[in-house]
Amino acid sequence: MLENPVDDRYSPPPCGELDEIRAVLDDGRLSGGAQILPVYERTLAHRFGAARAIAVNSGSSALHAALIAFNVRPGTEVLVPATAPLPTAMPIITCGAIPVPDTLPNSLAPDPTDVDRKLSARTRAAITLPLWGYLNDERAITGLLADAGVPVIEDAAQAHGTRIANLHAGTLGQVGCFSTHDRKLPSTGEGGLILTNDHELADRIDHYTHLGHLRGDPAVASRPSLGDPASGQRGIESDCRQ
């Protein structure tokens, strides 16, 4: 019996992909300073119809950065579908927060009535999940969360290219998170990306995930962090310096 029955070996398509990879290797800049990175991010944003895309090293990192951006900290709570796989819940736990599960019976969508009961002062975000690429009609839940001031993070790791009303999965909430793992539709071997239409939020996420992009910008250093100083909440920039 085969140890791994799935043949996941890379087979380069006949479109010059290896030439592009070779060009990146020849350039020698293989991290966040690579010239190909902003090109890749702009291409992703255009492809999905989002204002900004931020490339990261995994889908888990995408979720983690989004959670940090919305001030998810130890003791806070994040609503998450009960059907979510472990990679969706683990970044919540990494932040020290508490996953609060919810799903409608016989459905993959959240239950608006139950979500309303579970919203609290500790709720910092909600994650929606188009599991296996199946988008749900979540207008009721998104309206409820918007009224409560709770941002929506889409874990669209299994929904590349899925659309509803001509909008891509990953662009329906404040932030969309994707994986480009070897078994995902667009694959980079390992990798992930974040989509958002909020430029300020995108900058904060980019500065958290790519410290080299700060470049000593005094505007960034002096800008208020994600948390409200009056409330004692900590933001992204303060966490980066710890």
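Scroll up for the structure.
For the structure given in this document, a descriptive report is provided here. Everything quoted here is computed from the prediction, not taken from an experiment.

Calculation rules
Residues numbered from 1 in each chain as written. Predicted model: local features only at pLDDT ≥ 70, side-chain atom pairs only at ≥ 80, totals over all residues. Heavy atoms only, no water. Pairing = 2+ DSSP bridges. Helix = DSSP H or I, 4+ residues; strand = E, 2+ residues; numbered from the N terminus. Axes fitted to C-alpha atoms, helices over the stretch in contact; angles between N-to-C directions. Parallel < 35°, antiparallel > 145°, perpendicular 65-115°, else oblique. Left-handed = near helix turned anticlockwise from the far one by under 90°. Contact = heavy atoms within 4.5 Å. Nonpolar A, V, L, I, M, F, W, Y, C, P; charged D, E, K, R; others polar.

### Points about the sheet that holds strand E1 (residues 52-56)
On the basis of which strands lie adjacent, the open sheet formed by 7 strands has the order E1-E9-E8-E5-E4-E2-E3 and mixed pairing. This sheet does not close on itself; its edge strands, each paired only once, are E1 and strand E3 (98-102). In this sheet, neighbouring strand axes are inclined to one another by 25° on average, regardless of whether the strands run parallel or antiparallel. Alignment of strand E2 (residues 77-81) against E3, held across 5 bridges, turns out to be parallel.

### Considerations on the packing of helix H3 (residues 59-69) against helix H4 (residues 86-94)
The N-to-C vectors of H3 and H4 enclose an angle of 45°; their axes lie 9 Å apart at closest approach. With respect to each other, H3 and H4 are oriented oblique. Crossing of H3 against H4: the hand is right-handed. Here H3 contributes Ser-60, Leu-63, His-64 and Leu-67 to the contact with H4, which in turn contributes Pro-87, Thr-88, Pro-91, Ile-92 and Thr-94. Across the contact of H3 with H4, the residue classes tally to 5 nonpolar, 4 polar and no charged.

### Some remarks on the packing of H3 against helix H7 (residues 199-209)
The geometry of H3 relative to H7 is characterised by a closest axis approach of 10 Å and an angle of 120° between their N-to-C directions. In terms of orientation, H3 lies oblique with respect to H7. Helix-helix and strand crossings are classified by hand; for H3 and H7 the assignment is right-handed. Seen from H3, the contacting residues are His-64, Ala-65, Ile-68 and Ala-69; seen from H7, they are Leu-201, Ile-205, Tyr-208 and Thr-209. Within the contact of H3 with H7, the residues separate by chemical class into 6 nonpolar, 2 polar and no charged.

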